[in-house]
Number of protein chains: 2
Amino acid sequence: MEYSEKKVQIMEAAEQLFAEKSFDGTPVRDIADKAGVNLAMISYYFGSKEKLLEALFNYRAETGILKMESMLLDKSQTSLQKVNALIDFYIDKFQNQTCFHKIMSREQLHNQRNEIAVLIQQFKKRNQELVKQLILEGQKKGEFKKNIDIPLMMATLIGTVSHLVTTQHFYKEINNLQSLSDDEFKIHIKKKLSHHLKFLFKAILTHEA
Amino acid sequence: MEYSEKKVQIMEAAEQLFAEKSFDGTPVRDIADKAGVNLAMISYYFGSKEKLLEALFNYRAETGILKMESMLLDKSQTSLQKVNALIDFYIDKFQNQTCFHKIMSREQLHNQRNEIAVLIQQFKKRNQELVKQLILEGQKKGEFKKNIDIPLMMATLIGTVSHLVTTQHFYKEINNLQSLSDDEFKIHIKKKLSHHLKFLFKAILTHEA
DNA sequence: TTAATTTAAACAAACGTTTAATTAACTTTT
DNA sequence: AAAAGTTAATTAAACGTTTGTTTAAATTAA
C-alpha cells in the first residue's frame, strides 16, 4: 500500500483518537474532523473503520523492525552493549510513539480483530527471534550465562516500559513531579528507566541464580 | 453499596464482556442477555452503563487491598520472604482476576472516565504506601540496600506480570506450548514468573549497583 | 395496599457506510 | 495549445442499524 498525504493525515488523526478514547470509543466522524477531510473519504480510502486500523498497524510496523535489525547488526559492540542499546531502543520507541503503543497494548488485551492479532503475533515473533540471536551470540562469546528465558526477559522489558509510559500520569502524581514540564518529565523517566533496566538485565544475563 | 444477587450477576457478566470486547465495544443488551436479566434492569440498578463500570471497580477493589494488608502484617516472616509473598500475591491476583485486570489495564491507558481514574489512583497510592513500608522495614533491618526506587520496582512487578498474563496466547504460540491444557499452562506460567521475579527482586533489593 | 421488581415497547441520538452529484486532475485527441 | 474525454477526489445528504436510556404497564413481595 502506498501512503498518500491524505491517507497519512487520516491515519495519524485516527491514531491519536484511538489512543485517547479507544477504537470503539471513537466515531469515524471525529476522525474525519480531526484529519480535516470529509467523512466519506475514510470509506473511500480504507474501505472501513476497521481496515483503517489495520492500515495504521502496517504503516507503523514497517519502520519499527528495520531500525532494530540495523542496530543489532552493529559488529563494533559487545553483546552487553547491544542489549543496553536494545533497552534504550524500546524506551524511545514507547516514548516517541506512545499513541500507537497504547493502541497495540489495547489490541493485545483481546483477540477480537483477528487480522490485527496476526500482525502483532508476527511482529512479536520476529522481534523475539532477533533478540534470541543476540543472546545466543553473547552466550557463545561467554559474556552471558546459559539458560536464559527469553520470553520472560522480554516480558520484563516490554512490560516495565509499557506500564510506566502508559501510566505516566499516575507516576507523576504519586511522586509529586507535577512541577516538571512534559519534556523534563520525559527525560527524567527515560534516565531512570534506562538505568533500572540495564541493572536488571545485567543480573538476568550474567548473575548465576 | 450493597450487592444483591442480581447486581452481582450483572456486574460479573459485564466484567467478562468488557474484558473481551472493551467497554465501548460491549452493548448493554449483551450484558443483560449474559446476566439473564431484562435490559432495563441495568439502568434500574446502576443508573447507567458507566456507573455499572464504576460499581464493578468498587466491588473488586474492596477485597483486593484487605488481602494485601493482612499479608504484609505477618510478623513471622523476614522482609525478603514478605516481598516474595507479595510477588506471588500479584501473580495470583492477575491470574485469578484476569478479566478485571484487563479492564483496569485498559482504563489506565486513557484518562477518559474520571471517576474511575481517581479510583485507580487511590488504589495505586495505597498499594505503593504498603510496599514502601515493607521496604523501609527491610532497610531498617539491614536486609535491603538503600536507594530503592519503589515506583520503578512496582512498574517491573506489575508490568511484567500484567504483560505476560494478558498476552498469554502469544506466549503460548511463540513457545509451542499449545499442547498444555489451560490449567497446566497457568501453573507453568506461574512457576516461571514467580522464579523470575523473585530473582529480579533479590537483585533490586540486595545487590549494590 | 404499598412498594419494589420486572417487562416489552418506544425514544431520540449516534453509529458506520453508501449514494449520487459535483469538482478537480490528468490524458488523449484535435 | 485548446477542447474533449476520462478517471480520481470530494462533497452533502441519506441509509438502515445499533446505541443507551426511558416509559408506562404488569407482576411480585412485603
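Just so it is clear, the structure is predicted and the values come from calculations on it, not from any experiment.

Chemist: Which residues make up the pattern of salt bridges, and what values do they have?
Modeler: All names here are of chain A. In total, this model carries 25 salt bridges over all chains according to the counting rule given. A salt bridge links K21 to D30, with the nearest nitrogen and oxygen atoms 4.0 Å apart. Classification of K21 as partly exposed rests on a relative accessible area of 21%. Measuring nitrogen to oxygen at the nearest pair gives 3.5 Å for the salt bridge that ties D182 to K172. One end of the pair, D182, is in helix α10 (residues 182-206); the other, K172, is in helix α9 (residues 168-174), and ten residues separate them in sequence. Note on D182: relative accessible area 61%, which makes it exposed. Taken together, the shared-partner salt bridges in this structure form one network comprising K82, E137, K141 and E143.

Chemist: Can you break down the packing of aromatic side chains residue by residue, with the values?
Modeler: This model, assessed by the stated rule, comprises 14 aromatic pairs over all chains. Aromatic side chains F18 of chain B and F23 of chain B sit 5.1 Å apart centroid to centroid with 55° between the ring planes, which places their arrangement in the tilted category. An aromatic cluster is built from Y44, Y45 and F46 of chain A, whose rings are joined through pairwise contacts. Against the face of F46 of chain A rests K7 of chain A, its NZ or CZ located 5.9 Å from the ring centre.

Chemist: Tell me about helix α7 (residues 114-140) of chain B, residues and numbers included.
Modeler: The end-to-end C-alpha distance of α7 of chain B, which contains 27 residues, comes to 39 Å, matching closely the 39 Å that a straight helix rising 1.5 Å per residue would cover. Looking one or two residues beyond α7 of chain B, the residue adopting positive phi is G142 of chain B, at roughly 80°.

Chemist: Can you tell me about a negative patch on the surface, naming the residues and giving the values?
Modeler: A contiguous patch of negative charge on the surface is contributed by D24, E50 and E115 of chain A together with D24, E50 and E115 of chain B. Looking at the secondary structure, you find D24 of chain A in the loop between α1 (5-21) and α2 (28-35).

Chemist: How would you sum up the packing of helix α1 (residues 5-21) of chain B against helix α4 (residues 49-73) of chain B? Please name residues and give values.
Modeler: All names here are of chain B. Remark: α1 packs on α4, axes separated minimally by 10 Å, with the N-to-C direction vectors making an angle of 100°. Here α1 lies roughly perpendicular to α4, going by the angle between them. In this structure, α1 contributes V8, I10, M11, E12, A14, E15 and F18 to the contact, and α4 contributes K49, L52, L53, A55, L56, Y59 and R60. Taken together, the residues of the contact of α1 with α4 sort by class into ten nonpolar, no polar and four charged.

Chemist: How would you sum up the interface of chain A and chain B? Please name residues and give values.
Modeler: The extent of an interface is frequently quoted as the accessible surface area lost upon association of the parts. The interface of chain A with chain B comprises 50 residues on the first partner and 50 residues on the second. The junction of chain A with chain B conceals about 4500 Å² of combined surface from both sides, 64% of it contributed by carbon and sulfur atoms. Across the contact surface, chain A and chain B share two salt bridges. Counting every contact that joins chain A to chain B gives eleven residue pairs in polar contact (both at pLDDT 80 or more). Of all elements in the fold, only α1, α6 (98-109), α7 (114-140), α8 (150-166), α9 and α10 of chain A reach the threshold of two or more residues within the side of chain A that touches chain B. Here the side of chain A that touches chain B gets eleven residues from one element, more than from any other, and that element is α8 of chain A.

Chemist: Let's hear about α10 of chain A: which residues, and what values?
Modeler: Its 25 residues place the ends of α10 of chain A 36 Å apart at the C-alpha level, agreeing with the 36 Å of an ideal helix rising 1.5 Å per residue. Packed against the buried residues of α10 of chain A are α5 (79-96), α7, α8 and α9 of chain A together with α8 (150-166) and α10 (182-206) of chain B.

Chemist: Report on the relation of the copies chain A and chain B, specifying residues and quantitative values.
Modeler: Superposing chain A onto chain B takes a rotation of 180° plus a shift of 0.0 Å along the axis, which leaves an RMSD of 0.0 Å. What the rotation and shift describe, once combined, is the action of a two-fold rotation axis. Taking C-alpha positions as reference, the residue of chain A nearest the rotation axis is G159 of chain A, located at 2.1 Å.

Chemist: Help me get a handle on the side chain of R60 of chain B, residues and values and all.
Modeler: Relative to the assigned elements, R60 of chain B resides in helix α4. The contacts of R60 of chain B, once residues within four sequence positions are left out, are E12, E15, Q97 and F100 of chain B.

Chemist: Lay out the protein's contact with DNA strand D in plain terms, naming residues and giving numbers.
Modeler: Taken together, 16 residues are adjacent to DNA strand D, and K6 of chain A together with P27, V28, R29 and K49 of chain B come closest. Close to the protein, within 4 Å, the atoms of DNA strand D are drawn from sugar and phosphate at a rate of 51%. The separation between a phosphate oxygen of DNA strand D and a polar main-chain atom of N38 of chain A is 3.3 Å. In the model, a phosphate oxygen of DNA strand D is placed 3.4 Å from a nitrogen or oxygen of the T26 of chain B main chain. Put simply, the parts of the chain that give the surface near DNA strand D at least two residues each are α3 (40-46) of chain A together with α2 (28-35) and α3 (40-46) of chain B. Of the residues forming the surface near DNA strand D, the biggest block, four residues, is contributed by α3 of chain A.

Criteria and thresholds
- Here the residue numbering is sequential within each chain, running from 1 through the sequence in written order.
- As a convention, the first chain written is A and the first ligand written is 1, with the rest following in written order.
- Side-chain atom pairs in this predicted model are given and counted only at pLDDT of 80 or more, local residue features only at pLDDT of at least 70, and totals for whole chains, interfaces and linings cover all residues.
- Heavy atoms from the whole structure form the basis of all side-chain values; hydrogens and water molecules are not counted.
- For this document, the term salt bridge refers to a Lys or Arg side-chain nitrogen within 4 Å of an Asp or Glu carboxyl oxygen.
- Type-normalised accessible area, obtained with a 1.4 Å probe on protein chains alone, sets the label of each residue: buried when under 20%, exposed when over 50%, and partly exposed for intermediate values.
- To qualify as a helix, a DSSP run of H or I must reach at least 4 residues; to qualify as a strand, a run of E must reach at least 2; elements of each kind are numbered from the N terminus.
- Think of it this way: a Phe, Tyr or Trp ring, Trp meaning its six-membered ring, pairs with another when their centres are within 6.5 Å, and the plane angle makes it stacked under 30 degrees, edge-to-face over 60, tilted otherwise.
- A ring has a charge above it when a Lys NZ or an Arg CZ is no more than 6 Å from the ring centre and no more than 35 degrees off the ring normal.
- A helix's residues, less one, multiplied by 1.5 Å, set its expected span.
- Patch membership needs two things, relative accessible area over 30% and no salt bridge, and members are linked within 9 Å if like-charged or within 5 Å if nonpolar (Val, Leu, Ile, Met, Phe, Trp, Tyr).
- Values of accessible area rely on a 1.4 Å probe in the Shrake-Rupley scheme; residue burial ignores everything except the protein chains shown.
- Here the positive residues are Lys and Arg and the negative ones are Asp and Glu; neither His nor the chain ends is included.
- By convention, charge coordinates are those of NZ in Lys, CZ in Arg, CG in Asp, or CD in Glu.
- To define axes, lines are fitted to C-alpha atoms, for helices over the stretch in contact only, and angles between the resulting N-to-C directions are given on a 0 to 180 degree scale.
- We call two directions roughly parallel when the angle between them is under 35 degrees, roughly antiparallel when it is over 145, roughly perpendicular when it lies between 65 and 115, and oblique otherwise.
- Residues are treated as being in contact if the distance between any of their heavy atoms lies within 4.5 Å.
- Residue polarity is assigned by list, with Asp, Glu, Lys and Arg as charged and Ala, Val, Leu, Ile, Met, Phe, Trp, Tyr, Cys and Pro as nonpolar; anything else, Gly included, falls into the polar class.
- Accessible-area loss on putting two parts together, using a 1.4 Å probe and summing over both, is the definition of buried area adopted here.
- Each polar contact in these results corresponds to two N or O atoms within 3.5 Å; when the atoms are within protein, one needs to be able to donate a hydrogen and the other to accept it, and residues that are neighboring in sequence are counted only if both atoms are side-chain atoms.
- When the copies are overlaid, the least-squares fit takes in C-alpha atoms only where the residue has pLDDT of at least 70 in both copies.
- Near is defined per residue: the residue qualifies when any heavy atom it owns lies within 4 Å of the molecule or strand.

Without other data, these values stay purely geometric and don't point to any function.
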